[in-house]
Amino acid sequence: FVVARALEETRAVEKILLPLLGKPAGHVSALLRLCFPVAVFSAFLNNTPIVAMLLPVSEGWAAGCNLSIKVLLIPLSFASMLGGESSHLP
């Protein structure tokens, strides 16, 4: 949680993630843009801090793009779990 807190305080997550997310055309595009970086981050860090760090970033991004955050939250969690499980593969 220390690394997650440091990343949140320095706003490094926003600086890294927002250029990758860009301006999606719709919810499907937004899901694809959000889930891939989340899965990659989650392969190296714990799932819970990843989701906790990305909730405010995702909410702001969704609001700025006129997207419903409700559509993005469960896939955010599932992408985190997928990334975490990929680190267990042989």
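Summary of the structure given here. Position labels on residues start from 1 in each chain and follow its written sequence. Per-residue local features are limited, in this predicted model, to residues with pLDDT of at least 70; the limit for side-chain atom pairs, both in listing and counting, is 80 or more; totals at the level of whole chains, interfaces and linings are taken over all residues. Values reported for side chains reflect all heavy atoms of the structure, with hydrogen atoms and water molecules removed beforehand.

Quick word on the overall build of the protein chain
And step 1. Along its length, the protein chain carries five helices and zero strands.
And step 2. For the protein chain, the N- to C-terminal ordering of α and β elements is α-α-α-α-α.
And step 3. Radius of gyration: C-alpha atoms only; globule rule: 2.2 Å multiplied by the number of residues to the exponent 0.38. Taking 90 residues into account, the globule formula puts the C-alpha radius of gyration at 12 Å, and the protein chain, at 12 Å, falls close to it.
And step 4. Taking the principal axes of the C-alpha coordinates as reference, the protein chain spans close to 40 × 30 × 20 Å.
And step 5. Here the protein chain holds 90 residues, and the buried ones make up 32% of them.
And step 6. Nonlocal contacts in the protein chain, meaning residues at least 24 apart in sequence, comprise 73% of its contacts between residues at least 6 apart.
And step 7. Total accessible area computed for the protein chain in this model is approximately 5,600 Å², and 69% of it derives from carbon and sulfur atoms.
And step 8. A gap of 10 Å separates the mean positions of the 6 positive and 5 negative side-chain charges of the protein chain. Helix numbers and strand numbers start at the N terminus; a helix is a DSSP run of H or I with at least 4 residues, a strand a run of E with at least 2. The buried label goes to any residue with under 20% of its type's maximum accessible area, the exposed label to any with over 50%, and the partly exposed label to all in between, with areas taken from a 1.4 Å probe on protein chains only. What makes two residues a contact is simply this: any of their non-hydrogen atoms within 4.5 Å. Note on areas: these come from Shrake-Rupley sampling with a 1.4 Å probe, and a residue is covered only by the protein chains present in the view. In this charge count, Lys and Arg are treated as positive and Asp and Glu as negative; neither His nor the chain ends contribute. A single reference atom marks each charge: NZ on Lys, CZ on Arg, CG on Asp, CD on Glu.

A short note on the side chain of Ser80
And step 1. By secondary structure assignment, the location of Ser80 is in helix H5 (residues 69–86).
And step 2. We call two N or O atoms a polar contact when they sit within 3.5 Å, provided that within protein one can donate a hydrogen and the other can accept it, with sequence-adjacent residues counted only if both atoms are side-chain atoms. There is a polar contact of 3.4 Å between the side chain of Ser80 and the backbone oxygen of Asn47.
And step 3. Ignoring any residue separated from it by four or fewer positions in sequence, one finds Ser80 in contact with Val38, Ser42, Asn47, Ile50 and Val51.

Some details on a nonpolar patch on the surface
And step 1. Like-charged residues are merged into a patch within 9 Å and nonpolar side chains (Val, Leu, Ile, Met, Phe, Trp, Tyr) within 5 Å, provided each residue has over 30% relative accessible area and no salt bridge. Throughout this description, the term salt bridge denotes a Lys or Arg side-chain nitrogen within 4 Å of a carboxyl oxygen of Asp or Glu. A surface patch of nonpolar side chains, amounting to about 540 Å² of accessible area, comprises Val3, Phe36, Val40, Phe44 and Leu45.
And step 2. On the secondary structure map, Val3 appears in helix H1 (residues 2–9).

Overview of unusual backbone geometry
And step 1. Even without glycine at this site, Arg11 takes up a positive phi of about 60°.
And step 2. Within the fold, Arg11 resides in the loop between H1 and helix H2 (12–21).
And step 3. Judged by relative accessible area, which is 48%, Arg11 ranks as partly exposed.
And step 4. Of note, Asn66 is a non-glycine position whose phi angle comes to about 60°, a positive value.
And step 5. When its relative accessible area of 70% is taken as the criterion, Asn66 is described as exposed.

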